[in-house]
Amino acid sequence: MPFPDFYDARKVGTDYRANIYEAVEAGVDLRLAAAERDRPQVALVLVDMQRDFVHRDGALYVPGAVEDCRRIVEWIYRHVAAISKIFVSLDSHYPLQIFFSTWWRDADGQHPAPNTVITAEDVHAGRWQPVYEREWTSQYVDQLENQHKKQLMIWPFHTMVGTSGYSLSPALYEAICYHSAARQAQPELIIKGDIAKTEHYSILEPEVKVADHPQGQLNLQLLGELAQFDLVYIAGEAKSHCILETVNSMMRHFRGQGEVIGRLRVLEDAMSSVRVPGIDFEAMTNAAFAAHRRRGLTFVSTGEGIG
């Protein structure tokens, strides 16, 4: 499919008012069949393609994300007649959360700087002390290290609900509206990340389960929905965190279901890793993905056809 007339590749990754009316009208004008009639049924899962991650002035800009976004947008335009449904996650944060500086202070009452790593040893030695949920937090850092082999990272404030950084990048939003109108298919929004006392990288589950929160467990409903598609494409930001953990969740849940894993497709040129001095997230992620490849996960590029 050709790109719609309203699309300007130079505007990807910039702020402007999305041309929703034009995108919708252009989609309707394609006169394509409704997506529910598609054979095969193809899903696109877009992870956290929000301004704070994608735009160069975003609070947690991922280097390479502008180019990733352009490739995703153009992939949607090229394959609008084949994509049946688009799922879109929104990383959703508030000021007081366990991975923000507000949750912590040292013996002098100072809060940690962004990109500070807080270990279980730091917490038990009192070098960093939680301001909230003291008992939970102590157990949390232990569980991260013992069960998940991770340490807690303090992030800069990002994708704060109600701020401009929370919104989807405008060029991508136009592409989603275009698809929705063209295929008579509503996009499905997935809210994650708003549980104060746990990290929530995967769109399917938090790092540590929270029994009393509706989003605190594995999202079996969404997994079941995705399993019904003939092909599921995955793209977004960041490769090293929310994409990786989303894929990890899928691979754990579908272990032993080779036919489902065989339908998953990771768009490897439509995601980039977070960069933090002293931590090679890219290498760690590539090692994890290599293990998933051996278990049957398929990686493709946006330049390839659907299949």
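This one's a predicted model, so the numbers in the text were calculated from it and none came from an experiment.

A. View of the side chain of K85. For K85, the position within the fold is in strand β2 (residues 85-91). Side chain to side chain, K85 and E225 meet in a polar contact 2.9 Å long. If sequence neighbours within four positions are ignored, K85 has contacts with V42, A43, L44, H179, Q186, E188, E225 and F229.

B. Focus on the packing of helix α1 (residues 20-29) against helix α6 (residues 170-183). Contact geometry for α1 and α6: axes closest at 7 Å, N-to-C directions at 35 degrees. The crossing of α1 and α6 is right-handed. Judged by residue contacts, I20, A23, V24, A26, G27 and V28 of α1 engage Y173, E174, C177, Y178, A181 and A182 from α6. Taken together, the residues of the contact of α1 with α6 sort by class into 10 nonpolar, 1 polar and 1 charged.

C. Spotlight on the packing of aromatic side chains. Taken as a whole, this structure holds 13 aromatic pairs when the rule is applied. Both rings, one in F6 and one in Y77, keep their centres 6.1 Å apart while their planes meet at 85 degrees; by these two values the pair is edge-to-face. Of this pair, F6 sits in the segment before α1 while Y77 sits in helix α3 (residues 65-78), placing them 71 residues apart in sequence. With respect to class, F6 is no different from Y77; both count as buried. Centroid distance Y77 to Y178: 5.1 Å. Interplanar angle 85 degrees. Geometry classified as edge-to-face. Separated by 101 residues along the polypeptide, Y77 in helix α3 and Y178 in helix α6 bring together distant segments of the chain.

D. How the structure looks around a nonpolar patch on the surface. A cluster of nonpolar side chains, I20, V24, V28 and Y173, forms an exposed patch at the surface whose accessible area comes to about 300 Å². When residues of the nonpolar patch are assigned to their parent elements, the largest contribution, 3 residues, is made by α1. When you line up the elements, I20 lands in helix α1. Residue classification places I20 among the partly exposed positions, given a relative accessible area of 36%.

E. Looking closely at the pattern of salt bridges. Summed over all chains, the structure comprises 19 salt bridges. Across the pair K85 and E225 runs a salt bridge, and its minimum N-O distance is 2.9 Å. Of this pair, K85 sits in strand β2 while E225 sits in helix α7 (residues 220-227), and the two are 140 residues apart along the sequence. A relative accessible area of 18% means that K85 is categorised as buried. Here E225 falls in the partly exposed class, since its relative accessible area comes to 22%. We note a salt bridge from D91 to K192, for which the minimum N-O separation is 3.1 Å. Here K192 lies in strand β7 (residues 188-192) and D91 lies in strand β2, a separation of 101 residues in the sequence. Side by side, D91 and K192 carry an identical accessibility label, which is buried. Linked by salt bridges that have partners in common, D15, R51 and D57 make up one network.

F. Region of the structure containing the sheet that holds strand β8 (residues 231-236). Spatially, 6 strands are ordered β7-β2-β1-β8-β9-β10 in an open sheet, and the strand pairing comes out parallel. Two strands in the sheet have a free side with no partner beyond their single neighbour: β7 and β10 (298-300). Sheet twist, expressed as the mean angle between neighbouring strand axes with direction ignored, is 25 degrees. Across 5 bridges, the pairing between β2 and β7 is parallel. Bridging from a neighbouring strand, V88 pairs with L189 of β7. Sheet strands in contact with α6 are β1 (42-47) and β2, and its direction is about 145 degrees off that of β2. On top of the sheet, helix α8 (residues 239-253) reaches β1, β7, β8 and β9 (264-267); it is set at about 155 degrees to β8, its chief contact.

G. Focus on the state of the cysteines. A full pass over the atoms with the stated rule returns 0 disulfides. As a non-bridged cysteine, C242 has C69 as the owner of its nearest cysteine sulfur, 16 Å distant.

H. Representation of the nonpolar core in the model. Core analysis: the largest hydrophobic core is formed by 95 residues, its most contacted members being L44, L46, I76, W104, L152, W155 and L172. Residue contacts for L172: discarding those within four places in its chain leaves L46, M49, C69, I72, V73 and I76.

What counts and how
- Residues numbered from 1 in each chain as written.
- Predicted model: local features only at pLDDT ≥ 70, side-chain atom pairs only at ≥ 80, totals over all residues.
- Heavy atoms only, no water.
- Helix = DSSP H or I, 4+ residues; strand = E, 2+ residues; numbered from the N terminus.
- Polar contact = N/O pair within 3.5 Å; in protein donor to acceptor, adjacent residues only side chain to side chain.
- Contact = heavy atoms within 4.5 Å.
- Axes fitted to C-alpha atoms, helices over the stretch in contact; angles between N-to-C directions.
- Left-handed = near helix turned anticlockwise from the far one by under 90°.
- Nonpolar A, V, L, I, M, F, W, Y, C, P; charged D, E, K, R; others polar.
- Phe/Tyr/Trp six-rings, centres within 6.5 Å; stacked < 30°, edge-to-face > 60°.
- Buried < 20%, exposed > 50% of the residue type's maximum accessible area, 1.4 Å probe, protein only.
- Patch = residues over 30% accessible without salt bridge, like charges linked within 9 Å, V, L, I, M, F, W, Y side chains within 5 Å.
- Areas by Shrake-Rupley, 256 points an atom, 1.4 Å probe, with all protein chains shown as cover.
- Salt bridge = Lys/Arg side-chain N within 4 Å of Asp/Glu carboxyl O.
- Pairing = 2+ DSSP bridges.
- Disulfide = S-S within 2.5 Å.
- Core = buried A, V, L, I, M, F, W, Y, C linked by side-chain atoms within 4.5 Å.

Worth remembering: the numbers are spatial, not functional.
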